[in-house]
Amino acid sequence: MASGDQPVRKVTIVGGGTAGWMTAAVLSQWLSQVEVTLVESEEIGTIGVGEATIPHIRNYLALAGIDALKMISETKATFKLGIQFVDWGAPGESYIHGFGKIGRDMLWLHPHQLWLAARERAPGSVKPFDHYSIAGAAALRNRFAFPDKRNPNSPIADLEYAYHFDASLFARFLRAESEARGVTRVEGRIVETLQDSETGFVTGVRLQDGRELDGDLFVDCSGMRALLIGDAVGVGYEHWNKWLICDRALAVPCGSVSPLTPYVRCTTRSAGWQWRIPLQHRIGNGYVYSSNFVSDDEAAATLLSSLDAAPLADPRPVRFAPGVRGKAWEKNVVAIGLSSGFLEPLESTSIHLIQTGIHKLLALFPATGFSQPDINEYNRQARFEFEDVRDFIIAHYNVTRRSGEPFWDYVRTMDVPDTLSERYELFRSSGRFFKHGAAELFAEESWVQVLLGQGFEATADPVAQFVPTEEIVGFLDDMAEIIADVAESLPDHGDFISRLPSSTSKAQDAVATSTLMHNLAEVHR
Ligand code: FAD
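Keep in mind the model is a prediction, meaning the values are calculated, not measured.

Caption draft 1: Seen up close, the overall build of the chain. Scanning the chain from N- to C-terminus turns up 17 helices and 21 strands. Scaling as 2.2 N^0.38, a compact globule of 525 residues should have a C-alpha radius of gyration of about 24 Å, and the chain matches this with 24 Å. Within the chain, the fraction of its 525 residues that count as buried is 58%. When contacts within the chain are restricted to residue pairs at least 6 apart in sequence, those whose partners lie at least 24 apart make up 77%. Carbon and sulfur atoms form 49% of the exposed surface of the chain, whose accessible area is close to 20900 Å². Charged side chains of the chain number 48 positive and 67 negative; the gap between the two group centres comes to 2 Å.

What follows is the structure in structure tokens.
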């Protein structure tokens, strides 16, 4: 198609990393009259990292028609209840950013408002804030179970979870699912993009061996190379490195250790931070750092000296440029994945941004031809999503009391985007926090866990004065006690995984108890 005014009947996906195969799986599930082809190059390979997710991944699996139990089994997945941040507020401190709700509201007052009021009016009466979140409390005990909807008053009714999985196995798994639904995979290295000389629309890609692949719509999942959206149609890249100063990572797997933790751990280092992601068969580790503040050799030495077990490979370097593509959709090219922008994996958001790209593409699919208002709307939403996540990540760096280290001194004192400083002001003055719109990814619960977890000084909400101090303290005490009891009663995370059947059909054969039955039903929701 050279002009874009005909229906899209053929989609060509360029790239077979997580983004490419996630896109292929969904399009082949829903767009039955559209032919989907994916081209990838084994010689080039994929980025091979990207192993932690957020709870929305469960919506993706449902949309893609994926059996979650099969995915868990084939990608050696584990469950994730949140992220433990170590040494972010100050050395020696740690907190959990747990998924889902925190405790319970009292009238119009949210748990963090009660907590701030109790801390101010009855010093010493409150526990660390993560003791009021079921995900936080379960994570710290290495416990996990599926939410129990039969018990709406229990904290476990609302337990939110995501997965950690092996990135290469995940792409392989989605490839098998997509091919089974008719996606054609082409192996080959693209050496040229063909474009209509008048409209600039992409008409095809030429492979090294001379083959040409055409298409009506091209989804650029070529990773940071951005072969189509950047090189061919020429959309520029906006750098955000004045706020997000890390530009490299080293990734290395190591052997597993016990217990199997149901959370990611992010620990600060002198020039960035280190991740630890537990899978069934290994632990993924990596050091995300700024090359202005530490050498690659020093970073490798730091990483290797802080693993739980012997490394299983040499550290693999990755370079990146934090920022966003000027437009994710231009002409008949839609960029999904790293070709559309990069935000460091501190809150495991890239796979989620792939997912929202796919959702938007379905919602605005050019079934009857390309429409500029649709394209504009896609680009508006994509930009909002990137900026929203960007601010949350910046806050982690900026809200720190670490000092005396050049990297941390820079991020603590840097100017932040206005959108972020406005949030700080409101929260500082009254402990009040509001989402700016439904499209924001991180809820109030996420923001307050991070801000309070890192020691942000906020004043208690003045309206909390209408509730007597003893009532607030008693309410919080009860909440923490119930949450602790429930968390304690959950199964060990490692045991839970070892008992999971490897697919839904096996689960149906093997359902042993009503609890397991309920739990398995939840996986397929
Ligand atoms: P890639 O994996 O790079 O795939 C690109 C594809 O394009 C490959 O198949 C390649 O062969 C193909 N290709 C490129 N050029 C050509 C060509 N000329 N011809 C043919 N094919 C070509 N995200 C999370 O959500 N959670 C995390 O925990 C997380 N951790 C991360 C850690 C690090 C250090 C980094 C850098 C990223 C992390 N991410 C994470 C992001 C995540 O890795 C990516 O969003 C995800 O892997 C998607 O990558 P992709 O498919 O866009 O690109």
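Caption draft 2: Just the pattern of salt bridges, in detail. Enumeration according to the criterion identifies 33 salt bridges in this entry. Salt-bridge contacts for Arg380 lead to Glu377; the nearest nitrogen and oxygen are separated by 2.8 Å. In this pair, Arg380 and Glu377 are both assigned in helix 10 (residues 372–398), three residues apart and thus about one turn of the helix distant. The salt bridge involving Glu387 is made with Arg383; its shortest N-O contact spans 2.9 Å. With Glu387 and Arg383 both in helix 10, this residue pair falls four residues apart, about one helical turn. Counted as one network, the salt bridges with shared partners bring together Glu40, Glu42, Arg185 and Glu187.

Caption draft 3: Inspection of a nonpolar patch on the surface at higher detail. A cluster of nonpolar residues, Leu107, Trp108 and Phe466, forms a patch on the protein surface that exposes about 410 Å² of accessible area. Following the sequence through the fold, Trp108 ends up in the loop between strand 5 (94–98) and helix 4 (111–121).

Caption draft 4: Looking closely at the site of the ligand. Surrounding the ligand, one finds 34 residues, the nearest of these being Gly16, Val49, Ala52, Ile190 and Ile351. In this structure, Ala19 approaches the ligand through a main-chain N or O atom, which is 3.0 Å from an oxygen atom. Cys221 places a main-chain nitrogen or oxygen 3.5 Å from an oxygen atom of the ligand. In isolation the ligand offers 1000 Å² of accessible surface; the protein chains occlude 98% of this area.

Caption draft 5: Looking closely at the environment of Glu42. One can find Glu42 in the loop between strand 2 (35–40) and helix 2 (57–63). Note on Glu42: relative accessible area 59%, which makes it exposed. Between the alpha carbons of Glu42 and Glu347 there is a distance of 29 Å; along the sequence they are 305 residues apart. Not counting chain neighbours up to four residues away, the residues in contact with Glu42 comprise Arg185 and Glu187.

Caption draft 6: Quick peek at the packing of helix 1 (residues 18–30) against helix 9 (residues 350–363). Contact pair helix 1 / helix 9: the axes reach a minimum separation of 10 Å and the direction vectors enclose 35 degrees. The interaxial crossing formed by helix 1 with helix 9 has right-handed handedness. Residue-level contacts link Thr18, Ala19, Met22, Thr23, Val26, Leu27 and Trp30 of helix 1 to Ile351, Ile354, Gln355, Ile358 and Leu362 of helix 9. Tallied by class, residues from the contact of helix 1 with helix 9 come to nine nonpolar, three polar and no charged.

Caption draft 7: Focus on the sheet that holds strand 10 (residues 212–214). With antiparallel pairing, the three strands of this open sheet are ordered in space as 8-9-10. The two strands at the open ends of the sheet, each matched to only one other strand, are strand 8 (190–195) and strand 10. Each strand of the sheet is rotated relative to its neighbour by a mean of 25 degrees, with strand direction disregarded.

Definitions and limits used
- Residues numbered from 1 in each chain as written.
- Predicted model: local features only at pLDDT ≥ 70, side-chain atom pairs only at ≥ 80, totals over all residues.
- Heavy atoms only, no water.
- Helix = DSSP H or I, 4+ residues; strand = E, 2+ residues; numbered from the N terminus.
- Rg over C-alpha atoms; globule rule 2.2 N^0.38 Å.
- Buried < 20%, exposed > 50% of the residue type's maximum accessible area, 1.4 Å probe, protein only.
- Contact = heavy atoms within 4.5 Å.
- Areas by Shrake-Rupley, 256 points an atom, 1.4 Å probe, with all protein chains shown as cover.
- Lys, Arg positive; Asp, Glu negative; His and termini not counted.
- Charge placed at Lys NZ, Arg CZ, Asp CG, Glu CD.
- Salt bridge = Lys/Arg side-chain N within 4 Å of Asp/Glu carboxyl O.
- Patch = residues over 30% accessible without salt bridge, like charges linked within 9 Å, V, L, I, M, F, W, Y side chains within 5 Å.
- Near = heavy atom within 4 Å.
- Polar contact = N/O pair within 3.5 Å; in protein donor to acceptor, adjacent residues only side chain to side chain.
- Axes fitted to C-alpha atoms, helices over the stretch in contact; angles between N-to-C directions.
- Left-handed = near helix turned anticlockwise from the far one by under 90°.
- Nonpolar A, V, L, I, M, F, W, Y, C, P; charged D, E, K, R; others polar.
- Pairing = 2+ DSSP bridges.

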